[in-house]
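Results of the structural survey
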Amino acid sequence: MPKIKGSCLCGEVTYYSTAEEPTMTAVCHCPDCQKQSGSAFSTNVLVPISSVVFEGDCRKQYVVKGASGEDVTRNFCGNCGSPLTTELPAFNDLAAVKAGTMVDSSWVKPDIQIWCDNTKPWSKIDEDIKSAGANPG
Ligand SMILES: [Zn+2]
Ligand SMILES: [Zn+2]
């Protein structure tokens, strides 16, 4: 039974990771995560790209240049628009699973927050989480 699994809002696209534990978990305040989440940051459970299995025909991909200058691929539901994962080949071949889409995200504990230079004043998150100004990816 995979621990890291979830779906989009409408349920047409589901996913799981064969990774038993995340490589790391990170809160990202970058402009792209703000746009795609419609919120101040995204909370990401990072697992190897190759460990993620999708099911459902509605999945779409949006490829965009990340902060590293390399392409990142954002997987989302073409029916309801929920962001599901972001593939980061330039960041150790990890995929960022959007924690809020998981069946159970209660255990998620962010290790780090990144892009803190872009934090919005209307969002406060736990200051105990280690901060980095720039995106390591
Ligand atoms: Zn959907
Ligand atoms: Zn981001």
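Look up: the structure comes first, before these words.
This is a predicted model, so every value here is computed, not measured.

The rules behind the values
- Residues numbered from 1 in each chain as written.
- Chains lettered and ligands numbered in written order.
- Predicted model: local features only at pLDDT ≥ 70, side-chain atom pairs only at ≥ 80, totals over all residues.
- Heavy atoms only, no water.
- Helix = DSSP H or I, 4+ residues; strand = E, 2+ residues; numbered from the N terminus.
- Rg over C-alpha atoms; globule rule 2.2 N^0.38 Å.
- Buried < 20%, exposed > 50% of the residue type's maximum accessible area, 1.4 Å probe, protein only.
- Contact = heavy atoms within 4.5 Å.
- Areas by Shrake-Rupley, 256 points an atom, 1.4 Å probe, with all protein chains shown as cover.
- Donors = N, O, S within 2.8 Å, 3.2 Å for Na, K, Ca; no water.
- Tetrahedral: all angles 85-135°; square planar, octahedral: opposite > 155°, others 65-115°.
- Salt bridge = Lys/Arg side-chain N within 4 Å of Asp/Glu carboxyl O.
- Phe/Tyr/Trp six-rings, centres within 6.5 Å; stacked < 30°, edge-to-face > 60°.
- Lys NZ or Arg CZ within 6 Å of the ring centre and 35° of its normal.
- Pairing = 2+ DSSP bridges.
- Axes fitted to C-alpha atoms, helices over the stretch in contact; angles between N-to-C directions.

Concerning the overall build of the protein
Looking only at helices and strands, one finds 1 helix and 11 strands in the protein. Listing the helices and strands of the protein from first to last along the sequence gives β-β-β-α-β-β-β-β-β-β-β-β. What you see for the protein is a C-alpha radius of gyration of 14 Å, in line with the 14 Å of a compact globule of 137 residues. For the protein, the proportion of its 137 residues judged to be buried stands at 41%. Within the protein, contacts between residues separated by at least 24 positions form 53% of all contacts whose residues are at least 6 apart in sequence. Total accessible area on the protein stands at roughly 7400 Å², and carbon and sulfur atoms take up 49% of it.

Let's talk about the coordination of the zinc ion (ligand 1)
Here the zinc ion (ligand 1) is held by the protein donor atoms C8 (SG), C10 (SG), C77 (SG) and C80 (SG), which lie 2.3 to 2.4 Å from it. Viewed at the metal, the 4 donor atoms of the zinc ion (ligand 1) are separated by angles of 105 to 114 degrees, and the geometry they form is tetrahedral. Each donor residue of the zinc ion (ligand 1) lies on one chain, and together they are spaced C-x1-C-x66-C-x2-C. Exposure remark for C77: the relative accessible area of 1% places this residue in the buried category.

Describing the pattern of salt bridges
By the definition in use, this model includes 2 salt bridges. Notably, a salt bridge pairs E21 with K3, separated by 3.0 Å at the nearest N-O pair. Of this pair, E21 sits in the loop between β2 (14-17) and β3 (24-28) while K3 sits in the segment before β1 (5-7), and the two are 18 residues apart along the sequence. The closest approach of N and O atoms between D71 and K65, which form a salt bridge, is 2.9 Å.

Quick look at the packing of aromatic side chains
The tally for this structure, following the rule as stated, stands at 1 aromatic pair. Here K3 stacks its cationic end above the ring of W107, 4.2 Å away from the centre of that ring.

A short note on the sheet that holds strand β5 (residues 52-55)
Taken in spatial order, the 3 strands line up as β1-β2-β5 in an open sheet, and their pairing is antiparallel. Lying at the two open borders of the sheet, with one neighbouring strand each, are β1 and β5. In this sheet, adjacent strand axes meet at a mean angle of 15 degrees when their direction is disregarded. Sheet analysis places β2 next to β5, joined by 4 bridges and oriented antiparallel. Opposite Y16, over in β5, you have V53 as the bridge partner.

Taken by themselves, the reported measurements are silent on function.
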